[in-house]
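Structural features, examined
In case you want the letters, here they are:
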Amino acid sequence: MPDDQYDVAVLGSGTGGYSAALRAAQLGKRVALIERDERLGGTCLLRGCIPTKALLRSAEVMDAVRRSGEWGIEASGEPDWDGIQAFKGKVVDKLVGGLTGLIKARKIEVIRGTGKLAGGPAVEVEGHGTVRASDVVLATGSYPRLLPGMEVTDRVITSDQALELPYIPGSAVVIGAGAVGLEFASFYRSMGAEVTVVEALPRLAPLEDEDVSKELARAFRKRGIAAHAGAKVKDVKDAGDHVEVTYEAGGRTETVSADVCLVAVGRGPVSQGLGYEEAGVELERGHAKVDGQLQTAVSHVWAIGDLAATPFQLAHVSFAEGIAVAERIAGIDVPEIDYIGIPRVTYSTPEVASVGLTEAQARERGLEIEVERFSMQGLGKANIVGEGGMVKMVAVADGGPIVGVHMIGPHVTDLVAEAQLITNWEAAAGEVASLIHPHPSLSEAIGESALALAGKSLHAP
Ligand code: NAI
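Residues numbered from 1 in each chain as written. Predicted model: local features only at pLDDT ≥ 70, side-chain atom pairs only at ≥ 80, totals over all residues. Heavy atoms only, no water.

1. Details of the packing of helix 1 (residues 15-26) against helix 8 (residues 315-329)
Close contact between helix 1 and helix 8 brings their axes to 7 Å; oriented N to C, the two are set at 30°. With respect to helix 8, the axis of helix 1 lies roughly parallel. The crossing of helix 1 and helix 8 is right-handed. Between helix 1 and helix 8, the residues in contact are Thr15, Gly16, Ser19, Ala20, Arg23 and Ala24 and Ala315, Ser318, Phe319, Gly322, Ile323, Ala326 and Glu327, respectively. Split by residue class, the contact of helix 1 with helix 8 holds six nonpolar, five polar and two charged. (Axes fitted to C-alpha atoms, helices over the stretch in contact; angles between N-to-C directions. Helix = DSSP H or I, 4+ residues; strand = E, 2+ residues; numbered from the N terminus. Parallel < 35°, antiparallel > 145°, perpendicular 65-115°, else oblique. Left-handed = near helix turned anticlockwise from the far one by under 90°. Contact = heavy atoms within 4.5 Å. Nonpolar A, V, L, I, M, F, W, Y, C, P; charged D, E, K, R; others polar.)

This is the structure:
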């Protein structure tokens, strides 16, 4: 085999790309991984999930310090931005180092440079030459979008700049109440900032179940975050020493001033100027169109992760897609991914997590359903932790399977793992109710919801 001929060439080393590369190598393939960034890891590791969750851990500690008296501890302190940044950097460096080591250990060839898809298939890498492969996996990811006519300035920023901002803003306007907006709004508030959230759709976390959005609005209000839903941004002005954000809500026009404006209105696919369309890959609003197997319109060219026109832009989805594609390339028969069964998680305070159908989606599908809402207020462990919350279960009526679990509160991003087993294995409430949950634990919220749904709750009214 000539030097530049591989079994698999992967374009992009984010979660999707590296998982495809690692799995393909594990299955005995000769793999090239092409990356233009200095470091491997892509959005999740370098600019997304990991550094933002590190910041949110610092936020959690700050909140605990502020509330320490509630647990009988006298603690006081202020955020130290350099220290927070150092912690974030240490976590990222360690994980990037680990990934780089894994890639090397699997004998994956890392090729540095910007790659462009070519016929064959092949990838033309700037400064390197042509990389030919039997299969090419496109995993070029996404970037934070801005609103039309807007540009990044010192004060109008996206999550990319927010991670590197030289100071903690005293006030912030966050545009968008999806996962990015909610997490940063929560972070800034924990750091002591005055925070305003402006969301165009009628509720915060608009993709979540309506009851979760209501609880979240209540919790944010209690935290002193000003959140406006159904509010359309009309203008964002960097006035030099502050920003002015003008929005329209309920027929009124309002202007808020702040130190920074964080724009969190979604992520767009990285697909321009990369030769995709020229090579025959079809794009849909910039995302690569794929079939159920994740193959593009071009045979032996696959697309995964945020680039692919699949339902969620989530690292764990990219991870699963990367593995599935590597296995298909190796001739393994892999079932299509069931996107409804994938957990969704937002690491704000309070945390939000869900899996399966919302109440509205279940009704839209014509399902006859029963719904149970369990408040964590009476739960021993929630009182010890010092945070309330809610679990909502959606089940097919008359003892049918639980089709959706929607949660808000402490550690629900971990609890959703149990919820995922419940919905994906189509367990009925009666079956879950018969499982004994550890006491005192937050997982009892799931056990109690199932007990209530099965008509056996002792604690719910
Ligand atoms: P998003 O699409 O989830 O949310 C953007 C929000 O901005 C929407 O609710 C939208 O209605 C609103 N919006 C758009 N234009 C607006 C305007 N002009 N005025 C006011 N609001 C406006 O996108 P987001 O939060 O930027 O996240 C990008 C992707 O990354 C998502 O797929 C998200 O799920 C994922 N992500 C996941 C995380 C997690 O799993 N914890 C964390 C962060 C991001």
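2. Quick look at the site of the ligand
Looking at the ligand, there are 24 residues lining it, with Val180, Glu183, Glu199, Gly266 and Val345 nearest. With respect to the ligand, the backbone of Ala200 contributes an N or O atom lying 3.0 Å from a nitrogen atom. With respect to the ligand, the backbone of Val345 contributes an N or O atom lying 2.7 Å from a nitrogen atom. Taken by itself the ligand offers 840 Å² of open surface, and the protein chains cover 77% of this. (Near = heavy atom within 4 Å. Polar contact = N/O pair within 3.5 Å; in protein donor to acceptor, adjacent residues only side chain to side chain. Areas by Shrake-Rupley, 256 points an atom, 1.4 Å probe, with all protein chains shown as cover.)

3. Focus on helix 13 (residues 444-453)
For helix 13, a buried count of nine out of 10 residues is recorded, marking the element as mostly surrounded by other parts of the structure. Buried within helix 13 we find Glu444, Ala445, Ile446, Gly447, Glu448, Ser449, Ala450, Ala452 and Leu453. Elements that come into contact with the buried residues of helix 13 comprise strand 22 (369-375), strand 23 (390-396), strand 24 (402-409), helix 11 (412-424) and helix 12 (429-433). Of the residues trailing helix 13, Gly455 is marked for its positive phi of about 75°. (Buried < 20%, exposed > 50% of the residue type's maximum accessible area, 1.4 Å probe, protein only.)

4. Remarks on the sheet that holds strand 14 (residues 252-258)
Pairing within the open sheet is antiparallel, and its three strands lie in the order 12-13-14. Both outer strands of the open sheet, strand 12 (231-238) and strand 14, are each paired with one neighbouring strand and no more. Geometrically, the sheet is characterised by an average inter-axis angle of 20° between neighbouring strands, direction not taken into account. Of the strand pairs in this sheet, strand 12 and strand 13 (residues 243-249) are connected by seven bridges, and their pairing is antiparallel. Within strand 13, the residue paired with Lys232 across the bridge is Glu248. (Pairing = 2+ DSSP bridges.)

5. Focus: the pattern of salt bridges
Applying the stated criterion to the full structure yields 21 salt bridges. One salt bridge connects Lys392 with Asp209, and the closest N-O pair in it is separated by 2.7 Å. Of the two residues, Lys392 is situated in strand 23 and Asp209 in the loop between strand 10 (194-198) and helix 7 (210-222); the sequence distance between them amounts to 183 residues. Since its relative accessible area comes to 1%, Lys392 is described here as buried. (Salt bridge = Lys/Arg side-chain N within 4 Å of Asp/Glu carboxyl O.)

6. Remarks on the sheet that holds strand 11 (residues 226-228)
The strand order across the open sheet built from five strands is 8-15-9-10-11, with neighbouring strands paired in parallel fashion. Every other strand in the sheet has two partners, leaving strand 8 (156-157) and strand 11 as the edge strands with one partner each. Taken together, the three bridges between strand 10 and strand 11 define a ladder with parallel strand orientation. Within strand 11, the residue paired with Val197 across the bridge is Ala227. With respect to the sheet, helix 6 (residues 179-190) is in contact with strand 8, strand 9 (171-175), strand 10 and strand 15 (260-263), its orientation differing from that of strand 10 by roughly 165°.

7. A word on the domain arrangement of the protein chain
Interface size is commonly expressed as the accessible area that is lost once the parts come together. Considered domain by domain, the protein chain is made up of domain 1 (5-142 + 268-339), domain 2 (156-265) and domain 3 (350-453). Taken together, the contacts link 16 residues of domain 1 with 16 residues of domain 2. For the pair domain 1 and domain 2, the two sides together bury roughly 1300 Å², of which 64% comes from carbon and sulfur. It is Arg47, Leu56 and Trp81 in domain 1 that bury the most area against domain 2; as a group they hold 38% of the surface buried on that side. The shortest N-O distance in the salt bridge between Lys53 and Glu183 comes to 2.6 Å. On the surface where domain 1 and domain 2 come into contact, there are six residue pairs in polar contact (both at pLDDT 80 or more). Counting residues per element, the ones that place at least two in the side of domain 1 that touches domain 2 are helix 3 (49-66) and helix 4 (81-105). Broken down by element, the side of domain 1 that touches domain 2 gets its largest block of residues, 10 residues, from helix 3. Of the residues belonging to the side of domain 1 that touches domain 2, the class tally is eight nonpolar, three polar and five charged. (Domains from an automatic or database assignment. Buried area = accessible area lost by both parts, 1.4 Å probe.)

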